[in-house]
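# Coordinates in review
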Amino acid sequence: MDTIPLSLPIVMDGATGTELMARGMPRDAVTEQWVLEHPEALLEIQRAYVRAGSQILLAPTFGANRVGLSRCGAFHQVEDYNRRLVELTRQAAEGKCLVAGDLAPMGLSLPPFGESSFEEMVAVYTEQAAALAGAGVDLFVIETMTTMAEARAAVLACRSVSDKPVWVSFTCDEEGRTPSGTDVLAALIVMQGMGASAFGLNCTDPAVTAEQLARLTPYATVPLLAKPNAGAPGAYCTPAELAALVPAYAKAGARIFGGCCGAGPDHLAAVKGAVEQVDFSSFPPVERDPDVIPCASEKEARFITPDVDVGEMIECTPDLMEDILMAEEVSPQGALKIAILEEDDLDIFAENQYVVKDALCLFSDVPELLEKALRIYQGRAFWDGTEDLEEDFLREMAKKYGLVLL
């Protein structure tokens, strides 16, 4: 996988949407369409970020997928929109910084909370990711994510079309929960397991950002990203106030910095100056217990040990939901084991996997079934070695889906 030709720390850009609205974009406009109709507005903003010291510009492709572009009837122009938007940002960058393809939530949900399939999500993101790769972006930034399913689909999509780095950023409240209820610590565990090159928080309250990054640091094996809002709309903090939080972000583990809603070029210039004043070498290395192994369900972070007891194996019957809930009540170490023995089991598992809260061991003696189950599962599962599958296959599952191999 390619790496960013920049050394840490890295300063990204700031807000695009709020800066465009300050230059006349209506609040209900389709941003991507408006930008192409008013390219001078974007160029002005992004050139100001370059002057402020940004090393990475996000192309304004936030909603340039089939679902987002359907709002203006351009759902069939995904490739064209992404190419033109990336070209604009490349023009603004003038070779002075890198250009990232921006992917964002579509608002689709899996059953029983929505009607979209996971493969539909993957297909929509793959179409956009391929367009961005074709446009020559230097990396992908999957940002403002709120659900594990869309984030996982976007990561799989990007990694299927390119070896460029993939960064993932979630948004959360003061409790570290996304609007869908996912703990961002669980999101970190899943995303870095699937090969994300960086993970972080964006579109978050400035103070909350530091608090939640500190929760992530002990388990992060990739650089952390801090891209907070400049306060709440109508009460934005000043550039100096945002910059004053940079040492706290750095102490909490951030090595990539930027700004989201309300953070303009002046904010980024102040953040850049503050980053340059931080002595990153003064922070002690993070100590990790090798016997504490992070796993995650769709919503919760879970930790196991190499000798974890998974209890009695659960088969995929029509009573799977009840069996999961019962097993989690009596599970001695917060782990359970579900068997995928035949093709029909996958449908049952897909319908009920959202109720899993504990660490999950997936079992199958058929490699193809195990991979399909890993793709369906919106968490990070583990393999306890009780079935003799090929090591090369298991390593591939670990690389692609984050399967933990005990």
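Just above, that's the structure.
Residues numbered from 1 in each chain as written. Predicted model: local features only at pLDDT ≥ 70, side-chain atom pairs only at ≥ 80, totals over all residues. Heavy atoms only, no water.

Quick look at the packing of helix α6 (residues 118–135) against helix α7 (residues 148–161) now. Relative placement of two packed helices is described by the angle separating their axes and the distance separating the axes. Where α6 meets α7, the closest approach of the two axes is 8 Å, and the angle between their N-to-C directions is 45°. When the interaxial angle is binned, α6 and α7 end up oblique. The two elements α6 and α7 cross, and the hand of that crossing is right-handed. Contact with α6, carried on its side by Phe118, Met121, Val122, Tyr125, Thr126, Ala129, Ala130 and Ala133, involves Ala149, Glu150, Arg152, Ala153, Ala154, Leu156, Ala157, Cys158, Ser160 and Val161 of α7 and no other residues of that element. Here the residues of the contact of α6 with α7 are counted per class, giving 14 nonpolar, 2 polar and 2 charged. (Axes fitted to C-alpha atoms, helices over the stretch in contact; angles between N-to-C directions. Helix = DSSP H or I, 4+ residues; strand = E, 2+ residues; numbered from the N terminus. Parallel < 35°, antiparallel > 145°, perpendicular 65-115°, else oblique. Left-handed = near helix turned anticlockwise from the far one by under 90°. Contact = heavy atoms within 4.5 Å. Nonpolar A, V, L, I, M, F, W, Y, C, P; charged D, E, K, R; others polar.)

By the secondary structure assignment, Gln46 is in helix α3 (residues 39–52). The class of Gln46 is buried, set by a relative accessible area of 1%. Excluding its chain neighbours within four sequence positions, the residues that come into contact with Gln46 are Leu57, Leu58, Ala59, Pro60, Leu88, Thr89 and Ala92. (Buried < 20%, exposed > 50% of the residue type's maximum accessible area, 1.4 Å probe, protein only.)

Another aspect to go through is the sheet that holds strand β4 (residues 139–145). With parallel pairing, the 8 strands of this open sheet are ordered in space as β1-β10-β7-β6-β5-β4-β3-β2. The strands lining the two open edges of the sheet, one partner per strand, are β1 (10–11) and β2 (56–58). Examined bridge by bridge, strand β5 (residues 166–170) and strand β6 (residues 198–202) share 4 bridges and lie parallel to one another. Each residue of the ladder has a partner; that of Phe170, found in β6, is Leu201. (Pairing = 2+ DSSP bridges.)

Ranked by size, the top nonpolar core spans 125 residues in total, and within it Met191, Phe199, Ile338 and Leu362 carry the most contacts. For this core, the element with the highest residue contribution is α7, accounting for 9 residues. Leave out the neighbours within four places in its chain, and Met191 touches Met148, Ala151, Arg152, Val155, Val168, Phe170, Ala196 and Phe199. (Core = buried A, V, L, I, M, F, W, Y, C linked by side-chain atoms within 4.5 Å.)

Okay, the packing of helix α13 (residues 320–330) against helix α14 (residues 343–352) next. Where α13 meets α14, the closest approach of the two axes is 9 Å, and the angle between their N-to-C directions is 60°. It follows from the interaxial angle that α13 and α14 lie oblique. In this structure, α13 crosses over α14, and the sense of that crossing is right-handed. Listed contacts from α14 to Leu320, Met321 and Ile324 of α13 are Ile348, Phe349 and Asn352. Classifying every residue of the contact of α13 with α14 by side-chain character gives 5 nonpolar, 1 polar and no charged.

In this section: the pattern of salt bridges. According to the stated counting rule, one finds 18 salt bridges in the structure shown. Two residues, Glu127 and Arg66, come together in a salt bridge whose shortest N-O distance is 2.9 Å. Residue Glu127 is found in helix α6, and its partner Arg66 is found in helix α4 (residues 66–69); the two are separated by 61 residues along the sequence. According to the relative accessible area criterion, Glu127 is partly exposed, its value standing at 32%. Taking the shortest distance from any N to any O, the salt bridge between Glu371 and Lys400 comes out at 3.5 Å. Of the two residues, Glu371 is situated in helix α15 (residues 367–376) and Lys400 in helix α16 (residues 391–401); the sequence distance between them amounts to 29 residues. You can call Glu371 partly exposed: its relative accessible area is 24%. One connected set of salt bridges, linked through shared partners, spans Asp80, Arg83, Arg84 and Glu87. (Salt bridge = Lys/Arg side-chain N within 4 Å of Asp/Glu carboxyl O.)

With that settled, consider the packing of aromatic side chains. In this structure the tally under the stated criterion is 7 aromatic pairs. An aromatic cluster is defined as three or more aromatic residues linked by ring pairs; in this entry it consists of Phe257, Phe280 and Phe283. (Phe/Tyr/Trp six-rings, centres within 6.5 Å; stacked < 30°, edge-to-face > 60°.)

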